[in-house]
Amino acid sequence: MTAEVRELARERDAVLLAHNYQRAEVQDAADFVGDSLGLSRQAAATDAAVIVFSGVHFMAETARILAPDRTVLMPEPRAGCPMADMITRAQAEAFKAAHPGLPLVTYVNSSAEVKAVTDVCCTSANAVRVVESLGEPRVLFAPDRNLSAWVASKLPTVEVIAWDGFCPTHDQVTAADVETARAEHPDAEVVAHPECRPEVTALADAVLSTSQMLAHAAESPAREFIVVTEEGLLHSLRKAAPDKVFHNLTSRMLCPNMKLTTLEKVRDCLRDGTGEVTVPEDVRVAALASVERMVAL
Ligand code: SF4
C-alpha cells in the first residue's frame, strides 16, 4: 500500500504531510511528519501542486492559509479537532468585546474564522514567548485553558484571561496517572504537553510541545521517558531516538479524530482528488495576518 501511495503522489505532483499523532503507517508514507505549524511551513515552501494533509481540519486550513495557490486535500475531511470547535468566530468576537482593548492570543489549534479575528497566533512551543512579547499586563487567550494556565504560570506579572476550551485527549490525564507511571518506571523522565491540566504539568520533569519533545529525547542524557501526549508521537520518538525507551502514559492517550485517517484513505484521496479544503479569501487574508504576526515576533 505504501508503494502505491508513493507512486500516486509522484503522478499527482503531491506532497504528503502527516501530523505526529497520525497512525504509524500514515507517518511512514509521508514526505514530512511534524507538528501543525512545522507542516504548514513545509506546505508554504513546497513546489508540489497538491498538498495532502493527514491531520485534523484546522491544520489543513492553516496549510491553505499559507499556501493559497496549492490544492490542499484531506484524506478524511471529517477529522476535526474538538478543542478548535470549542470557540466560534462569534464567540471570539464577543470575548474581545467583553474585554475592550485587550489583545486576543489564539492557539493555532483554532479555525481560520477564529484566527481571522485574532491579534496574534501562537503554538504550544512559543505561547509563553508570544504573550510575553506583547508587553501587556492583561491578555485574552483562546481556546485552551490548560495552555493558558501554563503561560500564566511562566509569566506571573501578566493576567491571562482564558477561554474555557480544552483538548479532550490531554485534559483527561490526571496526577494519579502520572504517579502510577512513575512508580512503574522510576528511572524515566516525565515529559508532558502543555495541553495537560496544571496538576499534570506540575508533576512533569519537562513541559514541551511535540517538536520540543522530539528534540529533547535525542539530546537528553535520560535513557527512558514517560510520554504524556497523544500516543502517535511515540512512533516519531522511537525513530528519532531508537536507542531510548518511551512509555505511553496510558492507553487513553489517543485522539480518535487523528486516527480517522488511514493509509487507504490517503490512497483514495490521491487517486480521486477528493477532500479539498478551502478558506474564503477574506478570511484567509485576515487569518494570515495573525499567523504572520506570530512569525514576526
Ligand atoms: S489531540 Fe486534542 S488538540 Fe490535537 S486534534 Fe486531537 S482533540 Fe484536537
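Residues numbered from 1 in each chain as written. Predicted model: local features only at pLDDT ≥ 70, side-chain atom pairs only at ≥ 80, totals over all residues. Heavy atoms only, no water.

Some words on the environment of T278
Note the following rule: Runs of E in the DSSP output that reach at least two residues are strands. Runs of H or I that reach at least four are helices, and both are numbered from the N terminus.
Considering the arrangement of structural elements, one finds T278 in the loop between α14 (263-272) and α15 (281-296). Between the C-alpha atom of T278 and that of N257, which follows or precedes it by 21 residues, the distance is 20 Å.

Here's the deal with the sheet that holds strand β11 (residues 224-228)
Keep this limit in mind: For two strands to be treated as a pair, DSSP must find no fewer than two bridges joining them.
A sheet is described by the order of its strands in space; here four strands give the open sequence β10-β9-β11-β12, paired in parallel fashion. Two strands in the sheet have a free side with no partner beyond their single neighbour: β10 (206-207) and β12 (245-248). Sheet topology places β11 next to β12; four bridges connect them, and they run parallel. Residue pairing in the sheet places V227 in a bridge with N248 of β12.

Some remarks on the sheet that holds strand β1 (residues 14-19)
The test is simple: Each axis is a line fitted through C-alpha atoms, and for a helix only the stretch in contact is used; angles between axes span 0 to 180 degrees, taken between their N-to-C directions. We call two residues in contact whenever any of their non-hydrogen atoms come within 4.5 Å of each other.
Pairing is parallel in the open sheet, where four strands are placed in the order β2-β1-β3-β4. Edge strands, defined here as strands with exactly one partner in the open sheet, are β2 (32-34) and β4 (71-73). For this sheet, the mean inter-axis angle between neighbouring strands, taken without regard to orientation, is 20°. Where helix α3 (residues 36-45) meets the sheet, its contacts fall on β1, β2 and β3 (50-54), and the angle it forms with β1 comes to roughly 175°.

A closer look at the pairing of strand β8 (residues 159-162)
Heads up, the condition is: Throughout, right-handed denotes a crossover for which the path from the first strand over the helix to the second runs clockwise when the strands point away from the viewer.
The sheet contact formed by strand β7 (residues 138-142) and β8 spans four bridges and is parallel. The residue of β8 that forms the bridge with R138 is E159. Read as a crossover between parallel neighbours, the route from β7 over helix α8 (residues 145-154) to β8 is right-handed.

Description of the pattern of salt bridges
For the record, the criterion: Salt bridges are defined by distance alone: a side-chain nitrogen of Lys or Arg within 4 Å of a carboxyl oxygen of Asp or Glu. Burial here depends on accessible area, computed with a 1.4 Å probe over protein chains only, as a share of the maximum for the residue type. Under 20% is buried, over 50% is exposed, and the range in between is partly exposed.
Using the criterion set out here, one finds 25 salt bridges in the structure. Residue E76 is joined to R78 by a salt bridge in which the shortest nitrogen-to-oxygen separation is 2.9 Å. Accessibility expressed as a relative area gives 5% for E76, which makes it buried. Of the charged contacts, one joins R252 and D177 as a salt bridge, the two residues approaching to 2.6 Å between their closest N and O atoms.

Overview of the packing of aromatic side chains
Selection rule: Under the pairing criterion, centres of Phe, Tyr and Trp rings, with the six-membered ring standing for Trp, must be within 6.5 Å; the plane angle then separates stacked pairs below 30 degrees from edge-to-face pairs above 60, leaving the rest tilted.
For the structure on display, the rule yields two aromatic pairs. Summarising the aromatic geometry, the rings of F95 and W163 are spaced 5.2 Å apart at their centres and angled 65° between planes, so their arrangement reads as edge-to-face. Of the two residues, F95 is situated in helix α5 (residues 89-97) and W163 in the loop between β8 and α9 (168-171); the sequence distance between them amounts to 68 residues. For F95, a relative accessible area of 7% translates into the label buried. According to the relative accessible area criterion, W163 is buried, its value standing at 19%. Ring geometry for F225 and F246: centres 5.3 Å apart, planes at 15°, overall stacked. Taken together, the residues span a long stretch of sequence, with F225 in strand β11 and F246 in strand β12 at a distance of 21 residues. Residue F246 is classed as buried on the basis of its relative accessible area, which comes to 4%.

Digging into the state of the cysteines
Our working rule: Put simply, a disulfide is two cysteine sulfurs that come within 2.5 Å.
What the rule picks out here adds up to zero disulfides. Residue C269 stays outside any disulfide, its sulfur separated by 19 Å from that of C255, the closest cysteine.

What to know about the domain arrangement of the protein
The condition that has to hold: For each domain, the first and last residues come from an automatic or database assignment. As a working definition, buried area equals the accessible area (1.4 Å probe) given up by two parts on being put together, with both sides summed. By the criterion applied in these results, polar contacts are pairs of N or O atoms within 3.5 Å in which, for protein atoms, one can donate a hydrogen and the other can accept it, and in which residues neighboring in sequence qualify only through two side-chain atoms. All amino acids are sorted into three groups, where Ala, Val, Leu, Ile, Met, Phe, Trp, Tyr, Cys and Pro are nonpolar, Asp, Glu, Lys and Arg are charged, and the leftover types, Gly among them, are polar.
Examined at the domain level, the protein breaks down into domain 1 (2-80 + 258-278), domain 2 (84-166) and domain 3 (169-248). Between domain 1 and domain 2, the contact holds six residues from the first and eight residues from the second. By the criterion of area lost to domain 2, the three top residues of domain 1 are L37, F58 and E61, representing 65% of everything that side buries. On the surface where domain 1 and domain 2 come into contact, there are zero salt bridges. Summed over the shared surface of domain 1 and domain 2, the result is two residue pairs in polar contact (both at pLDDT 80 or more). Those elements that place two or more of their residues in the side of domain 1 that touches domain 2 are α3 and α4 (57-66). In terms of residues, the side of domain 1 that touches domain 2 owes the most to one element, α4, which gives four residues. Taken together, the residues of the side of domain 1 that touches domain 2 break down into three nonpolar, two polar and one charged.

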